[in-house]
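The chain contents come next:
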Amino acid sequence: MVDARGLRCPIPVIRLARRAQDLDPGELVTVWSTDPAAVHDVPAWARMRGHAIEGSVDVDAADGAFTAITVRVGG
Amino acid sequence: MSVVDPGFSPASPPPPPARVHLDAGGNARLHPLARQGLEQALTEGWAEPHRLHSESRRAAALLWGAREAVAGAVGAKTEEVHFAPSHVAALHAAVRAVALGRRRAGTTIVTSAVERAAVLDAARFVTARAGADARHDVVGVDGTGMVDADAFAAALTAPGVAVAALQHSNGEVGTIQPVRAVHAAARAAGVPLVVDAGAALGHAVVPEDWDVLTGDSADWGGPSGVGVLVVRRGVRFTADWPEDADSWFPGGVSVPSAFAAAVALQACADDLAAQDSRRRALVDLVRTRVPQLVPDVEMVGDPSNRLPHVVTFSCLFVDGEALVSELDRAGIAVGSGSACTSSALEPSHVLAAMGVLTHGNVRIGIDRTTTREDVERFLAVLPTAVATVRGMLGVGSL
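Residues numbered from 1 in each chain as written. Chains lettered and ligands numbered in written order. Predicted model: local features only at pLDDT ≥ 70, side-chain atom pairs only at ≥ 80, totals over all residues. Heavy atoms only, no water.

Chemist: A description of the overall build of chain B should follow, citing residues and the corresponding values.
Modeler: Along the backbone of chain B there are 12 helices and 12 strands. Here chain B has a C-alpha radius of gyration of 22 Å; the compact-globule value for 398 residues is 21 Å, and the two agree. By its C-alpha atoms, chain B is 65 × 60 × 40 Å across when sized along the principal axes. Out of the 398 residues belonging to chain B, those deemed buried represent 54%. Partitioning the contacts of chain B with sequence separation of at least 6, the portion at a separation of at least 24 is 71%. When the accessible surface of chain B is totalled, it reaches about 16,800 Å², and 55% of it is carbon and sulfur. (Helix = DSSP H or I, 4+ residues; strand = E, 2+ residues; numbered from the N terminus. Rg over C-alpha atoms; globule rule 2.2 N^0.38 Å. Buried < 20%, exposed > 50% of the residue type's maximum accessible area, 1.4 Å probe, protein only. Contact = heavy atoms within 4.5 Å. Areas by Shrake-Rupley, 256 points an atom, 1.4 Å probe, with all protein chains shown as cover.)

Chemist: Any chance you could break down the sheet that holds strand S3 (residues 52-61) of chain A for me, citing the residues and the numbers?
Modeler: All names here are of chain A. Reading across the sheet, the 4 strands line up as S1-S2-S4-S3 and stay open at both edges, with mixed pairing between neighbours. Either end of the sheet is taken by a strand with one partner, and the two such strands are strand S1 (2-4) and S3. Here the strands of the sheet are splayed against their neighbours by 20° on average, with no regard to which way each runs. The sheet contact formed by S3 and strand S4 (residues 64-72) spans 9 bridges and is antiparallel. By the bridge assignment, Gly-55 is partnered in S4 with Thr-70. Of the strands in this sheet, strand S2 (28-33), S3 and S4 touch helix H2 (residues 38-49), which is tilted by about 10° from S4. (Pairing = 2+ DSSP bridges. Axes fitted to C-alpha atoms, helices over the stretch in contact; angles between N-to-C directions.)

Chemist: Which residues make up the confidence of the model for chain B, and what values do they have?
Modeler: On average, chain B scores 94 in pLDDT, and the residues at 70 or more come to 94%. For this predicted complex, the interface confidence comes out at an ipTM of 0.95, alongside a pTM of 0.93. (pLDDT = per-residue confidence, 0-100.)

Chemist: Could you give an account of helix H6 (residues 179-189) of chain B, with specific residues and numbers?
Modeler: Because each turn of an α-helix spans 3.6 residues, side chains separated by three or four positions in sequence point in the same direction. Residues and elements named next belong to chain B. If you check which residues of H6 are buried, you get Val-179, Val-182, His-183, Ala-185 and Ala-186. Here the buried residues of H6 occupy an arc of 160° about the axis, which is enough to place them on one side. Facing away from the buried side of H6 by over 90 degrees, the exposed positions are Arg-180, Arg-187 and Ala-188. In this structure, the buried side of H6 is in contact with helix H5 (149-157) and strand S6 (193-196). Phi turns positive one or two residues past the end of H6, at Gly-190, with a value near 70°. (Arc of directions from axis to C-beta.)

Chemist: Which residues make up the nonpolar core, and what values do they have?
Modeler: All names here are of chain B. In terms of nonpolar packing, the biggest core is built from 62 residues, with Phe-152 and Leu-213 touching the most fellow members. Tallying contributions element by element places helix H8 (residues 255-270) first for this core, with 9 residues. When residues of this core are assigned to domains, at least three fall in each of domain 1 (20-29 + 272-392) and domain 2 (32-270). Those residues within four positions of Leu-213 in sequence are excluded, and the remaining contacts are Val-74, Val-195, Ala-197, Leu-201, Val-206, Val-228, Leu-229 and Val-230. Grouped together as the second largest cluster of nonpolar side chains are 29 residues, Leu-282, Val-362, Phe-378 and Val-386 included. (Core = buried A, V, L, I, M, F, W, Y, C linked by side-chain atoms within 4.5 Å. Domains from an automatic or database assignment.)

Chemist: Report on the pairing of strand S9 (residues 297-300) of chain B, specifying residues and quantitative values.
Modeler: Residues and elements named next belong to chain B. Alternating residues of S9 divide into Val-297 and Met-299 and Glu-298 and Val-300, and every residue in both groups is buried. Here S9 pairs with strand S10 (residues 310-315) via 4 bridges, running antiparallel. Bridge pairing in S10 places Glu-298 opposite Ser-314.

Chemist: Describe in detail the interface of chain B and chain A, supporting the description with residues and values.
Modeler: With 23 residues of chain B at the interface, the matching set in chain A holds 19 residues. Surface buried jointly by chain B and chain A totals about 1,800 Å² across both partners, of which 62% is contributed by carbon and sulfur atoms. Counting every contact that joins chain B to chain A gives 2 salt bridges. Between B:Glu298 and A:Arg47 there is a salt bridge; the shortest N-O distance is 2.5 Å. In this assembly, chain B and chain A are joined by 8 residue pairs in polar contact (both at pLDDT 80 or more). Here the side of chain B that touches chain A is composed, by residue class, of 14 nonpolar, 5 polar and 4 charged. (Buried area = accessible area lost by both parts, 1.4 Å probe. Salt bridge = Lys/Arg side-chain N within 4 Å of Asp/Glu carboxyl O. Polar contact = N/O pair within 3.5 Å; in protein donor to acceptor, adjacent residues only side chain to side chain. Nonpolar A, V, L, I, M, F, W, Y, C, P; charged D, E, K, R; others polar.)

Chemist: Go over the packing of aromatic side chains, please, and point to the residues and values.
Modeler: If you walk through the whole model with that rule in mind, you get 5 aromatic pairs over all chains. Between B:Phe237 and B:Trp248, the aromatic rings sit 4.5 Å apart at their centres with planes inclined by 35°, giving tilted as the arrangement. In this pair, B:Phe237 is assigned in the loop between strand S8 (227-231) and H8 and B:Trp248 in the loop between S8 and H8, connecting sequence segments 11 residues apart. When its relative accessible area of 5% is taken as the criterion, B:Trp248 is described as buried. Put simply, the rings of B:Phe237, B:Trp241, B:Trp248 and B:Phe249 touch in pairs and so form one group of aromatic residues. Just above the ring of A:Phe66 sits the side chain of A:Arg5; from NZ or CZ to the centre is 5.2 Å. Between B:Arg232 and the ring centre of B:Trp210, over which it is positioned, the NZ or CZ distance is 3.6 Å. (Phe/Tyr/Trp six-rings, centres within 6.5 Å; stacked < 30°, edge-to-face > 60°. Lys NZ or Arg CZ within 6 Å of the ring centre and 35° of its normal.)

Chemist: Can you tell me about the environment of A:Asp3, naming the residues and giving the values?
Modeler: All names here are of chain A. Here Asp-3 lies in strand S1. Along the chain, Asp-3 and Leu-16 lie 13 residues apart, while their C-alpha atoms are 8.9 Å from each other. Those residues in contact with Asp-3 that lie beyond four places of it in its chain are Arg-15 and Trp-32.

Chemist: Any details on helix H9 (residues 272-293) of chain B? Residues and values, ideally.
Modeler: Here H9(B) spans 31 Å end to end across 22 residues, near enough to the 32 Å set by a 1.5 Å rise per residue. Each element contacted by the buried residues of H9(B) is listed here: H8, S9, S10, strand S12 (361-365) and helix H12 (372-392) of chain B. (Expected span 1.5 Å × (residues − 1).)

Rendered as structure tokens:
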């Protein structure tokens, strides 16, 4: 999991990309973000890098709402 | 203290531009003939046009001539052409007045997802106060930014549509919309179609497939502070504001500015084909070279069905605001649709609707003064600018 809450574009995507670099193809990674650009830019990055979006969930947490996007690392 | 610079002389030529300005969307440099027209109209048509004396009648005649010229350029009757104080005002008025005029037909407004903010804001404004049943139906676009014509047509046949809006082409990404097909569907459904040609007039041949048309003087090289609204006879509308002698835009507009805007539009029509091929060549240069020069770049918009003077791309792992500033330091002005470059923190709704990268976005609009040397200079500094900004974020080998 990558916690990018409170960070603005393009930092959430950069943090996620760093994490994905260390993972094997097929592994899952989830990014938490509050940046409105991330819901567009995470799928765009995944498409450019050959990863797949597994799902996107809006979470209403006690310390503030965020979006959790899960990516399956491509091979 | 005088506000007029004593050193200023209208006869002295302007100094050569030291900077490269590539942000001409809605923001082009004044056409030389518009400057001449403005001077002429300031001399002959300075008076308020509604009075009975000769000075006023001269101003009124210039204003009528300007409406006539715009009518000729867009394929309308002179009395159907109205000047607005801005393109945004023209779009707001179009959506509000047609929606109100057709309130008995319904309260739904149909638009594409990539209309200008002024259209989407007006649609939200109108539907928010029109009761619980009022809807703003937004039709999506594909990855090139083109609206789904079938989905748009289907939305038009739903009961209770008051008005629909589809741009001729998108000013951010350049993609041309299927206006002909959508207008045919609108006509069949009996729904008036507002076509925003703000990014196209003066640059492309705009077909006469519309019921209401809008344009932006500052986009085609006329003065800023002038919008155009053309309303075909027979389109039902009700003014959504107090009565005035200038019924569409209370208080009217600056006659010299409107006159100069019309002169510029005519001048653009005169060399449209030459400008088209010249600017297409410059845009193609950017579209070909940028992906070769900069790693991880996504060119945005339809590669061929596009405006001749707009080109947009997004750079992965790049802060758009930092990139605009970096290019500015290098003497080059560009636009951007990235969230970090807007006060709202929201990225461009156009890029978002297309599903393309919204960060690291660069938007270029070239006008008639842009040279190949300007574009070459941009291409020469871009790779370093992107590398610098990526370096600041420690992107390295991602």
